[in-house]
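Fold and contact review
Residues per chain are reported as follows:
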Amino acid sequence: MLLALVSSLLWGSADFGGGVLARRVAVTSVVLFSQAAGAVVLVVVCVAVGQPFPHLFWLPMAAGLFGVLGVLFFYHGLSIGKMSLVAPVAGCGVVLPVVYSLAIGQVLRPLTMVGLVSAMVGVVLASISSADGAQRAWHPHAAALSAIGAAVGFGMFLLLFGRAASLEPSSVLWMSLCTRLASVPALALGLLVTRSALPWRGMSRRQFGLIALVGLGDAGANTVFGIANTLGSLAVVAVLGSLYPLVTAGLARIRLGELLTARQKVGAGLTMLGVILASAS
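Residues numbered from 1 in each chain as written. Predicted model: local features only at pLDDT ≥ 70, side-chain atom pairs only at ≥ 80, totals over all residues. Heavy atoms only, no water.

Here's the deal with the confidence of the model for the protein chain
On average, the protein chain scores 82 in pLDDT, and the residues at 70 or more come to 88%. Per-residue pLDDT, averaged within each element of the protein chain, yields its smallest value for helix α12 (residues 262–280) (71) and its largest for helix α3 (residues 58–80) (91). Note on residues 130–137: pLDDT under 50 across the span, and ten contacts to partners over four residues away in sequence or across chains. (pLDDT = per-residue confidence, 0-100. Helix = DSSP H or I, 4+ residues; strand = E, 2+ residues; numbered from the N terminus. Contact = heavy atoms within 4.5 Å.)

Take a look at the structure:
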């Protein structure tokens, strides 16, 4: 379960960086170049390691399309609202893989169930409590809607990619690359169809470098999450991997001075309790 927590740390850090950059650079630019940077590194890694190409490549590619939609919604929400509101709501997408696991008859231990419920309740409490300060956000209602869209996209990504990784554990690296092989062309096509301005116009070299780091963090998180799914239950790994909102909100508190309300602190405590229970079982 440690790997799932590592993926959560990487996702949370990358999302914070992407959210900050999206306040200064077009959201599509941040998403496109971060996804492309991750793809370049994954190509090198896949060739060097020599894993077999997956037969079910369409599953991670579908996951990549849902994932990039989630990222677009997420970064847009982070760019117009408080991160302490957007991140926890987006994290609620973990419900989708959990419901799927239960629907296919997967039996979870009682302690595991208590841990998962505690973690999910903590995420929900954190998102509700953020509404107290939502008036200080630039566009609180639009940010909340974007967060819901992100939750659906991320939930489908966790479900599809986690399922693919568990079915073909020897091809996890290629599967991570397949998500990019779907998302990068889709983003580029979207820019062409909408006739958007050149995404790199007005960007500095430093911003390019920071966006590349965001992409590396996201690609690393995807890969670690896939490996974690080969070692444990999809429901448990999905929940632990979806604790990134705590990382994003924590960095927002430290770096941007966003305050946590009393209810949000309770939510964070319940989430951490869920991590301990789920990991211990």
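So that's the structure; there's more coming.
Here's the deal with the nonpolar core
Of all hydrophobic cores here, the largest spans 50 residues; its most connected members are Trp11, Val31, Phe74, Tyr75 and Phe154. Sequence-distant contacts of valine 31, that is, excluding residues within four places in its chain, are made with Val68, Val71, Leu72, Tyr75 and Leu187. In this structure, Val98, Leu116, Ala119 and Ala238 belong to the second largest nonpolar core, which totals nine residues. (Core = buried A, V, L, I, M, F, W, Y, C linked by side-chain atoms within 4.5 Å. Buried < 20%, exposed > 50% of the residue type's maximum accessible area, 1.4 Å probe, protein only.)

Digging into the pattern of salt bridges
Counted by the stated rule, this structure contains one salt bridge. Close ionic contact of arginine 180 with aspartate 218 constitutes a salt bridge, the shortest N to O distance being 2.8 Å. With arginine 180 in helix α8 (residues 172–194) and aspartate 218 in helix α9 (residues 205–229), the pair connects residues that are 38 residues apart, well separated along the chain. (Salt bridge = Lys/Arg side-chain N within 4 Å of Asp/Glu carboxyl O.)

So, the packing of aromatic side chains
Within the structure shown, the criterion is met by twelve aromatic pairs. Here phenylalanine 74 and tyrosine 244 contribute two aromatic rings whose centre-to-centre distance is 6.3 Å and whose plane-to-plane angle is 80°, an arrangement assigned as edge-to-face. Of this pair, phenylalanine 74 sits in helix α3 while tyrosine 244 sits in helix α11 (residues 244–256), placing them 170 residues apart in sequence. Taking 6.4 Å as the distance between ring centres and 20° as the angle between the ring planes, the aromatic pair formed by phenylalanine 161 and phenylalanine 225 counts as stacked. With a gap of 64 residues between them, phenylalanine 161 in helix α7 (residues 140–167) and phenylalanine 225 in helix α9 connect regions that are remote in the sequence. Given a relative accessible area of 0%, phenylalanine 161 falls into the buried group. Connected via pairs of aromatic rings, a cluster forms that spans Trp11, Phe74, Tyr75, Phe154, Phe157, Phe161, Phe225 and Tyr244. (Phe/Tyr/Trp six-rings, centres within 6.5 Å; stacked < 30°, edge-to-face > 60°.)

A word on the packing of helix α4 (residues 83–91) against α11
As a packed pair, α4 and α11 sit with axes 8 Å apart at the nearest point and diverge in direction by 175°. Overall, the two elements α4 and α11 adopt an arrangement that is roughly antiparallel. Listed contacts from α11 to Met83, Ser84, Ala87, Pro88, Ala90 and Gly91 of α4 are Tyr244, Pro245, Thr248, Ala249, Ala252 and Leu256. (Axes fitted to C-alpha atoms, helices over the stretch in contact; angles between N-to-C directions. Parallel < 35°, antiparallel > 145°, perpendicular 65-115°, else oblique.)

Points about the packing of helix α1 (residues 2–21) against helix α10 (residues 234–241)
Axis separation between α1 and α10 bottoms out at 7 Å; the angle between their running directions is 35°. With respect to the hand of their crossing, α1 and α10 are arranged in right-handed fashion. Between α1, through Ala4, Leu5, Ser7, Ser8 and Trp11, and α10, the contact on the second element is made entirely by Val237, Leu240 and Gly241. Grouping the amino acids of the contact of α1 with α10 by side-chain chemistry returns five nonpolar, three polar and no charged. (Left-handed = near helix turned anticlockwise from the far one by under 90°. Nonpolar A, V, L, I, M, F, W, Y, C, P; charged D, E, K, R; others polar.)

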